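# Analysis of the macromolecular model
Letter by letter, the chains look like this.
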Amino acid sequence: AALPADHPLVDGRTATAPLIRALRGDRPEHLPVWFMRQAGRSLPEYREARQGIGMLDSCLRPELASEITLQPVRRHGVDAGIFFSDIVVPLRLAGVGVDIAPGVGPVMDQPYRTTEDIERLVSLSVDDDALAPIRRAVALTVAELGHTPLIGFGGAPFTLAAYLVEGRPSRDHLAARTMMHAAPETWDRLVSWTGDLTGAFLRAQVEAGASAVQLFDSWAGSLSRADYTERVAPSSVRALAHVAGLGVPAIHFGTGTGHLLGAMRDVLVSAGVTDPAVGVDYRTPLDEAATALPGVPLQGNVDPALLAAPWPVLEAHVRDVAARGATAPAHVLNLGHGVPPDTDPAVLTRVVELAHTL
Ligand code: CP3
């Protein structure tokens, strides 16, 4: 497998962009920065564009998804676009009854818990036709982005499976964690399936022009290291294997994963990712993460809570994060989780300006 000759990473548009250089372990001319959830409710232009259109419907309208992806790049001058979509979009494309309830998150038509439920799920799949709106939205976006790389993403198999088994957002993912022990074979069928689904979603984005990918295992922090390694990591390897051969850098991110950082790096390496990087949430200082992950570029980890603090407090925090990040081989500045919806966008622009002086 190889990227097409007109891919931005191949034709020279993004190969030397600061984000890509950092993800490949280099120290570019300035500290690259982007924000998880940079596209979204913090931007008035986003709220305007989304008016009257459901979240998942907006993801499947290529012109709209592309416009929303570009908004924060234009406004903040960040070093990357993150494709506007959602981790549950491939579930919808496969025909699963899923919606995103405002203020709640992904809600399924039913919890998927019994062997029969899972058998029904795994009979569904996404083909190239179903992924056409994704490819088109990515292609429109990279045509506008020029030298700025687009990051594609997918939800990790565990995080997707947790939504499916619980049927809706949950705090402890108890039903999912029960299933992996009570019905291990059924669990394995489920996470192999979510792994391939996310893999197909990632691959469509990369082939259409994404220059890097991020795998979001947002809820992996609720797992013990043993459960993560034995019941979850193999399916994440499976997901990333769909794109590893294409040679794009991959970032692996989760929250509350201080105890899993090494295991998350191992997933990238086992999948054959050429340039593995790890995203760290705000709980683990980057110098500690750098010690735990020798040789690995790190991404993170400004505490989203501090975006609402007075500027001198936030500035000191960003400088501290950058200083700790400087102990890793390379660093991409980001938040430790997504932009809170009530964030003043001017603050994000100011963080970008600061990062670019560092
Ligand atoms: O800039 C970006 O990051 C845009 C792309 C993006 C979205 N969701 C758009 C979105 C990405 C990368 C995601 C990933 C995602 N979705 C994750 C992993 C990242 C994380 O936050 O840990 C998860 C767990 C989901 C599932 C999901 N979708 C949740 C929990 C929610 C929030 C529900 C709410 O209203 O609070 C969503 C909805 C969602 N996805 C929104 C956006 C912009 C908000 C929809 C709106 O504007 O009403």
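About the criteria used
Residues numbered from 1 in each chain as written. Predicted model: local features only at pLDDT ≥ 70, side-chain atom pairs only at ≥ 80, totals over all residues. Near = placed C-beta within 6 Å. Nonpolar A, V, L, I, M, F, W, Y, C, P; charged D, E, K, R; others polar. Helix = DSSP H or I, 4+ residues; strand = E, 2+ residues; numbered from the N terminus. Buried ≥ 20, exposed ≤ 12 C-beta atoms within 10 Å, placed from the backbone. Pairing = 2+ DSSP bridges. Right-handed = clockwise from strand over helix to strand, strands pointing away. Arc of directions from axis to C-beta. Contact = placed C-beta atoms within 7 Å. Core = buried A, V, L, I, M, F, W, Y, C linked by C-beta atoms within 7 Å. UniProt positions renumbered as here; feature names shortened; annotations may be inferred. Axes fitted to C-alpha atoms, helices over the stretch in contact; angles between N-to-C directions. Parallel < 35°, antiparallel > 145°, perpendicular 65-115°, else oblique. Left-handed = near helix turned anticlockwise from the far one by under 90°. Expected span 1.5 Å × (residues − 1).

## Looking at the site of the ligand
- Near the ligand lie 23 residues; those nearest to it are A39, G40, G105, F216 and S218.
- Residues that form the shell around the ligand fall into these classes: 12 nonpolar, 8 polar and 3 charged.

## Section: unusual backbone geometry
- Note the cis peptide between G300 and N301, where omega equals -20°.
- Along the polypeptide, N301 turns up in strand β8 (residues 298-302).
- Phi angles above zero are rare outside glycine, and H173 is one such case at about 55°.
- Take H173: it is sitting in the loop between α8 (157-166) and α9 (174-182).

## Examining the pairing of strand β5 (residues 212-217)
- With respect to burial, β5 is a largely interior element, 6 of its 6 residues being buried.
- Burial of the side chains of β5 extends over both faces: A212, Q214 and F216 are buried on one face and V213, L215 and D217 on the other.
- Note that strand β4 (residues 150-155) and β5 share 5 bridges and pair parallel. Considered in β5, the bridge of F153 is made with Q214.
- Taken together, β5, helix α11 (residues 225-244) and strand β6 (residues 250-254) form a β-α-β motif whose crossover is right-handed.

## Comments concerning α9
- For α9, the set of buried residues is A176, M179 and M180. Seen along its axis, α9 keeps its buried residues to an arc of 100°; they face one direction. Pointing more than 90 degrees away from the buried face of α9 are the exposed residues H181 and A182.
- Buried residues in α9 make contact with α8, α10 (184-208) and α11.

## Side note on the sheet that holds β4
- Spatially, β1-β4-β5-β6-β7-β8-β9 is the arrangement adopted by the 7 strands of the open sheet, whose pairing is parallel. Unpaired on one side and paired on the other, β1 (81-82) and β9 (331-335) mark the two borders of the sheet.

## Here's the deal with the nonpolar core
- Membership of the largest hydrophobic core comes to 119 residues, with the highest contact counts inside it found for A212, V213, L240 and L298.
- Element by element, the count of residues in this core is highest for α10, at 11 residues.
- When near neighbours in sequence (up to four residues on either side) are disregarded, A212 contacts L19, I20, L23, P149, I151, V248, P249, A250 and I251.

## Some points on the UniProt feature "site: Transition state stabilizer" (unreviewed entry) in the protein
- Per the UniProt record, "site: Transition state stabilizer" (unreviewed entry) is annotated on D86.
- Here D86 lies in the loop between β1 and α5 (89-94).
- Setting aside anything within four residues of it in sequence, one finds D86 in contact with M55, L56, C59 and I100.

## Remarks on the UniProt feature "binding site: substrate" (unreviewed entry) in the protein
- Mapped onto this numbering, the UniProt entry gives "binding site: substrate" (unreviewed entry) at R37, Q38, A39, G40, R41, D86, Y163, S218 and H337. Of the residues just listed, which span 301 residues, the most distant C-alpha pair is 23.0 Å apart, and they do not cluster in one region.
- Among the secondary structure elements, A39 is positioned in the loop between α1 (18-23) and α2 (44-50).
- A count of 25 C-beta atoms within 10 Å places A39 in the buried class.

## Some points on the environment of S42
- Within the secondary structure, S42 is located in the loop between α1 and α2.
- Under the C-beta neighbour-count criterion, S42 is labelled buried, with 22 such atoms within 10 Å.
- A C-alpha to C-alpha distance of 7.2 Å links S42 and P340, two positions 298 residues apart in sequence.
- Setting aside chain neighbours within four positions, we find S42 in contact with V339, P341, T343 and P345.

## Observations concerning the packing of α8 against α10
- In the contact formed by α8 and α10, the axes pass within 8 Å of each other and the chain directions differ by 120°. Classed by the angle they form, the pair α8 and α10 counts as oblique. For the pair α8 and α10, the crossing hand works out as right-handed. Only L190, V191, T194, G195 and T198 of α10 make contact with α8, whose side of the interface consists of P157, F158, L160 and A161.
- In the contact of α8 with α10, the residues fall into 6 nonpolar, 3 polar and no charged.

## Section: the pairing of β9
- Burial runs high along β9: 5 of the 5 residues are buried.
- Both β8 and β9 contribute to a ladder of 5 bridges, which runs parallel. Looking at β9, one finds that V302 is bridged to L335.
- The parallel pair β8 and β9, bridged by helix α14 (residues 311-325), forms a crossover whose chirality is right-handed.

## A closer look at α10
- Look at α10: 36 Å from first C-alpha to last across 25 residues, which is about the 36 Å you get at 1.5 Å a residue.
- Phi for G209, located one or two positions after α10, is positive at around 135°.

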